Amino acid sequence: MDPINPGSEEYGHDTEGEEARQGRGVPAPAATPARARVVRLVSGELLLTVNPVDGSEIEPCPPGQEPETPRPRTPEERAEAARAAAPPVPPGPVAPALPLLERQEERERLTAILGRGRSARLLGVPGSGRTTLLDAVAADCADLAPDGVVRLSGHHRTAGELLHELFAAVRHAPGQRPDRTALLDRLRDVGAVVVVDDLEFGGAALDELLAAAPECAFLLAATPDTPAPSAGAHLEEVLLAGLGRGAALKLLESAVGRTLTDEEANWAGDLWFESEGLPLRFVQAGALLRQRDRLRVTPAEFDAFGALEEAFGPTDPEAAAKAAAASFDGVADPDVELREIPLPSLGEGAAPAALLASRLSRSAQTALRFAVALGGEVPHQAHLPALVGDTHADAALGELVACGLLSPAGPRYRLAAGVLTQLLAQGYEPGAADRAHTAAQHYAWWAAHPSVTPERAAAEADALLAALTALLPGSATAAEAAAEHRATAVLLARAAAPAFAAGLHWGAWERALRAGQEAARLTGDVAEEAYFHHELGVLAICSGNLERARAELEASIGMRGVLADKRGTVAGRRALALVADLSGEHATPAALRAEEPVSPPRGTPAARPALPGPEPVTAPLPGGSARTPAPAFPGFADTFSGFADRTPAPAAPPEPAKDGRSGLAGGILAGARRNLVAVGAGALLVAVLGTVVTLGATSGNGEDPTPQRVTSDSTATQGAPDDGTDTEETPEDAEPGETNTPTGSATPSPSGSGSASPSSSTSPGATDGSPSSSPSDDPSATTSPSETTLPTSPTSRPTTTRPPTSPKPSSSTPTTPTETPSESSSGTPSETPSPSSTTSSPADGENDPSNSASAPLGSAPTGSTATETPA
């Protein structure tokens, strides 16, 4: 067996040798991308799937996947939750234990109020010791309520967020976030002492918090500038004042760990007058005196190498404290060299943050600068080594707490009251934008790491949001740096928002989404902006704000449609369909929207239900009432009554269906009112034009019924008998072919063409040169070219026809066979005179324009028309 060139039988066993232990001989596994963290939650009756890739999906909770009913937590579970809600014990030097002085009266009063089941509000200025007093009262009320004591932080919290945190603290419901109705229902039977520190709201929001849990006793701590509760709120207020001079000096001695000298006691008295007895000032003054003791005592052996000064500051705190105590107690140590360090000034004692920070280790100073860059939020001690660049930087948190520069805020720490202002005044602001950018980059990597649980990310929410907010204003001097900062803000919001959602910290989820959406808008990243809009829409659905959800989802769908993001668009449309279902749009009667004046998209009329009541002849315009159109020519209403039957009647409105909806045709007529008005106007215009043309064609010379002129081919009639009719007869001695006016057009009208021009035709029974024996008795009778009949006896004289002037046409019946009026295809009458008694010669009739094209083949053309004479 050759160890260098193994044979085929040895393949697969090389992992057992030294090469496998050293990583040789085994191909490196292919790098697989980290899987996205997908979490499924139940919010009310909705199932929320937090998807950090394409956007969260929300749907009604399917049957069989309903979560278990929340159960009360056991005492062990409540204790574990209380430890998780408390700030961690910082590593490094332990701060001295401080007594609670001159607070016994307030402590007993608050305990008595809570014991009676009532609520109290503790007011105190920042630095007055509210948090320390709350800790003491909470310890006294540990066994007072069945659900124990619940500690909550009101820092950057709303009333709704505090209610959800209270529910999570007393009920075991993993993966559940009840809606508003279920939350109020499940908090009614909760009996606990709820201690809320740093409350930031009052008024109606505070009333909502108190009314949601009627069986709980609330102890609320707030500052005097917090909005006051309403007049109806049943709260007893307790004011927390400053310490007396004796208590302040005793607190200072406890903080220093030794007895004060006369010089230090006098300095502490002046500080008490300046700070009005605030306990925080004396805690910080004790830290100043401890630092002074370290500076005065320096062991020679350590000072030669400078190791303690490099690692822990100017000197070792423990060695300095022991040496200082020995020197002040009168014990002389030859190895200790005392230096003269003056006491801080009164101004430095009233605002000691800058002086305290200048005497801290380099890691503590760097951590302090990061806190200033984040607006007072201090990163967790586990993040300090990565941010500061020192593996022992987590001990810096202990230094800051011992100096009184930090105060607890829920499960974390933040800068104490007034420290941020003092550090900014001392030049800690330069470079804050770059430090915030560094913190944001670190948090973006950390929040997206698969090993980080949503609960850990939610606990660090304040620092993440502070880093995210610090990058938005673009405080960087260069434009390139500002663009880079905003891009980092987008990455941080993209990584933190799903973690906040999965960790049930939805207040931080919303703030991260809004900050990310603004950063994406500033950077021009449309894809990320669409993602944030989608997430905001899903959050609005869970909150019950459907109108806001619709607006956000429509914006997201539009942006993703431009980017051709199919999966994201599908997710958005599903959420938008759920909004429509929850808002009840599909069940809304369409009759409520029948009066909408706008047409459907792309001009397609949508089906609308028929309105109650009779439909008008013409549909009203939007905003107007239905009106019946007046006749265009009222004077001719009776004259053309026969034409009314030929006008196409408007279509009758469709009958509505049984379910209240009309058919498709009815929907078109009822919905597209503009189209219906246009069609009606067109039909009316056609009718008017046809009427005008008919009047002009059938009138002849009706405008001048008594012409008294002689033309070249006609003579005026004389002595015409007046028989009281509208028809005038020509004299018997009139020559054939003479007329008073031409009546035919240059183009002969064929039979059935619908032309309104009259023409004369010769009866087939007439012979050349012999006139008709008798005229027609009916002066109003006319002959249509298509319906000519043969008379039984020839007529003797020609007849004249003209449009009737009476309101109604003549209805007399002729005694001899005459022509009857016929109807043309266009709805206008065609009038033809009776057969003439005079026939022109073939030579004269060839070019006569009044020849009828519809005359029989055997008939001869005529060249004369009827003559009109005055009555």
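Computed from a predicted structure; not experimentally measured. (Residues numbered from 1 in each chain as written. Predicted model: local features only at pLDDT ≥ 70, side-chain atom pairs only at ≥ 80, totals over all residues. Heavy atoms only, no water.)

(A) The arrangement of the overall build of the protein in detail. Secondary structure summary: the protein contains 30 helices and 15 strands in total. Across the 871 residues of the protein, 41% fall into the buried class. Long-range pairs, those at least 24 residues apart, make up 72% of the contacts in the protein between residues at least 6 apart in sequence. For the protein, the exposed surface amounts to about 45,500 Å²; the carbon and sulfur share of it is 56%. (Helix = DSSP H or I, 4+ residues; strand = E, 2+ residues; numbered from the N terminus. Buried < 20%, exposed > 50% of the residue type's maximum accessible area, 1.4 Å probe, protein only. Contact = heavy atoms within 4.5 Å. Areas by Shrake-Rupley, 256 points an atom, 1.4 Å probe, with all protein chains shown as cover.)

(B) Representation of the pattern of salt bridges within the structure. Enumeration over the complete set of coordinates arrives at 30 salt bridges. Its salt-bridge partner being arginine 412, residue aspartate 462 comes within 3.7 Å of it at the nearest N-O pair. With aspartate 462 in helix H22 (residues 461-471) and arginine 412 in strand S15 (residues 412-415), the pair connects residues that are 50 residues apart, well separated along the chain. Comparing aspartate 462 with arginine 412 shows no difference in burial state: the two are buried. Residue glutamate 547 pairs with arginine 550 through a salt bridge whose shortest N-O separation is 3.1 Å. With a gap of three residues between them, glutamate 547 and arginine 550 both fall in helix H26 (residues 546-562), about one helical turn apart. Overall, the relative accessible area of 15% leaves arginine 550 in the buried class. (Salt bridge = Lys/Arg side-chain N within 4 Å of Asp/Glu carboxyl O.)

(C) The arrangement of the sheet that holds strand S11 (residues 235-239) in detail. Taken in spatial order, the five strands make up an open sheet running S6-S9-S10-S5-S11, and their pairing is parallel. Edge positions in the open sheet fall to strand S6 (149-153) and S11, since each of these has one partner strand only. Along the sheet, successive strands turn relative to each other by an average axial angle of 15°, direction set aside. Where strand S5 (residues 119-123) meets strand S10 (residues 217-222), four bridges bridge the pair, whose relative direction is parallel. (Pairing = 2+ DSSP bridges. Axes fitted to C-alpha atoms, helices over the stretch in contact; angles between N-to-C directions.)

(D) A look at the environment of glutamine 284. Its location among the elements puts glutamine 284 in helix H10 (residues 279-296). Residue glutamine 284 is classed as buried on the basis of its relative accessible area of 2%. Sequence separation of glutamine 284 and leucine 356 is 72 residues, and the distance between their C-alpha atoms is 8.2 Å. Residues within four places of glutamine 284 in sequence aside, it is in contact with Pro352, Leu356, Cys403, Gly404 and Val419.

(E) Representation of the nonpolar core in the model. In this structure, Ile58, Phe500, Trp509 and Ile541 are the most contacted members of the largest nonpolar core, which totals 62 residues. The element that contributes the greatest number of residues to this core is helix H23 (residues 479-502), accounting for eleven residues. (Core = buried A, V, L, I, M, F, W, Y, C linked by side-chain atoms within 4.5 Å.)

(F) Up close: the pairing of S15. Relative to S15, strand S14 (residues 406-409) is paired through four bridges, and the arrangement is antiparallel. Within S15, the residue paired with leucine 406 across the bridge is leucine 415. Where S14 hands over to S15, the hairpin turn is made up of two residues, of which glycine 410 adopts a positive phi near 70°.

(G) Region of interest: unusual backbone geometry. For aspartate 198, which is not glycine, the phi torsion reads 55° and is therefore positive. By the secondary structure assignment, aspartate 198 is in the loop between strand S9 (193-197) and helix H7 (204-212). Relative accessible area serves as the criterion here: at 23%, aspartate 198 is assigned to the partly exposed category.

(H) Quick look at a nonpolar patch on the surface. Side chains of Val526, Val562 and Leu563 sit close together on the surface and give an oily, nonpolar patch of about 260 Å² of accessible area. With respect to the secondary-structure elements, leucine 563 resides in the loop between H26 and helix H27 (566-583). We classify leucine 563 as partly exposed; its relative accessible area is 41%. (Patch = residues over 30% accessible without salt bridge, like charges linked within 9 Å, V, L, I, M, F, W, Y side chains within 5 Å.)

(I) Up close: the confidence of the model for the protein. Summary statistics for the protein give a mean pLDDT of 73 and a share of 61% for residues scoring 70 or more. Across residues 311-315, confidence stays below pLDDT 50; counting only partners more than four residues off in sequence or on other chains, it has 15 contacts. Between residues 587-671, whose pLDDT stays under 50, and residues either more than four places distant or in other chains, the model counts 69 contacts. (pLDDT = per-residue confidence, 0-100.)

(J) View of helix H3 (residues 104-115). Over its twelve residues, H3 extends 16 Å from the first C-alpha to the last, a length consistent with the 16 Å expected when each residue adds 1.5 Å. Taken residue by residue, H3 has Glu106, Leu110, Ile113 and Leu114 as its buried positions. Viewed end-on, H3 has its buried residues packed into an arc of 95°, placing them on one side of the element. Looking at the buried residues of H3, the elements they touch are S5, helix H4 (130-140), S9, S10 and S11. Of the residues flanking the end of H3, it is glycine 117, one or two places downstream, whose phi is positive at about 80°. (Expected span 1.5 Å × (residues − 1). Arc of directions from axis to C-beta.)

(K) Molecular detail of the side chain of asparagine 51. Examined against the element boundaries, asparagine 51 turns out to sit in the loop between strand S2 (46-50) and strand S3 (57-60). Taking the relative accessible area as the measure of exposure, asparagine 51 reaches 13% and is therefore buried. For asparagine 51, the contacting residues outside a window of four places in its chain are Val38, Ser56 and Tyr531.

(L) Layout of helix H5 (residues 159-170). An ideal rise of 1.5 Å per residue puts 16 Å on twelve residues; H5 measures up with 17 Å between its terminal C-alpha atoms. With nine of twelve residues buried, H5 is to be regarded as a mostly interior element. Those residues of H5 not exposed but buried are Ala159, Glu161, Leu162, Leu163, His164, Leu166, Phe167, Ala169 and Val170.

(M) How the structure looks around the packing of aromatic side chains. Applying the stated criterion across every chain, the model contains three aromatic pairs. When the ring centre of tyrosine 428 is taken as reference, the NZ or CZ atom of arginine 369 above it lies at 4.2 Å. (Phe/Tyr/Trp six-rings, centres within 6.5 Å; stacked < 30°, edge-to-face > 60°. Lys NZ or Arg CZ within 6 Å of the ring centre and 35° of its normal.)

(N) Quick peek at the sheet that holds S3. On the basis of which strands lie adjacent, the open sheet formed by four strands has the order S3-S2-S1-S8 and mixed pairing. Every other strand in the sheet has two partners, leaving S3 and strand S8 (176-177) as the edge strands with one partner each. Pairing between S2 and S3: four bridges, direction antiparallel. The partner of threonine 49 across the bridge, within S3, is glutamate 57.

(O) Representation of the environment of proline 408 within the structure. Inspection of the secondary structure puts proline 408 in strand S14. Each C-alpha atom, one on proline 408 and one on proline 87, is 6.3 Å from the other, the two residues being 321 residues apart in sequence. Among all residues touching proline 408, those that are not within four sequence positions of it are Pro87, Thr131 and Tyr413.

(P) Layout of the packing of helix H20 (residues 432-447) against H22. At a minimum axis distance of 9 Å, the contact between H20 and H22 shows a crossing angle of 130°. Overall, the two elements H20 and H22 adopt an arrangement that is oblique. The two elements H20 and H22 meet at a crossing, and its hand is left-handed. Contacts between H20 and H22 involve Ala433, Ala436, His437, Ala440, Tyr443, Trp446 and Ala447 from the former and Ala463, Leu464, Ala467, Ala470 and Leu471 from the latter. Across the contact of H20 with H22, the residue classes tally to eleven nonpolar, one polar and no charged. (Parallel < 35°, antiparallel > 145°, perpendicular 65-115°, else oblique. Left-handed = near helix turned anticlockwise from the far one by under 90°. Nonpolar A, V, L, I, M, F, W, Y, C, P; charged D, E, K, R; others polar.)

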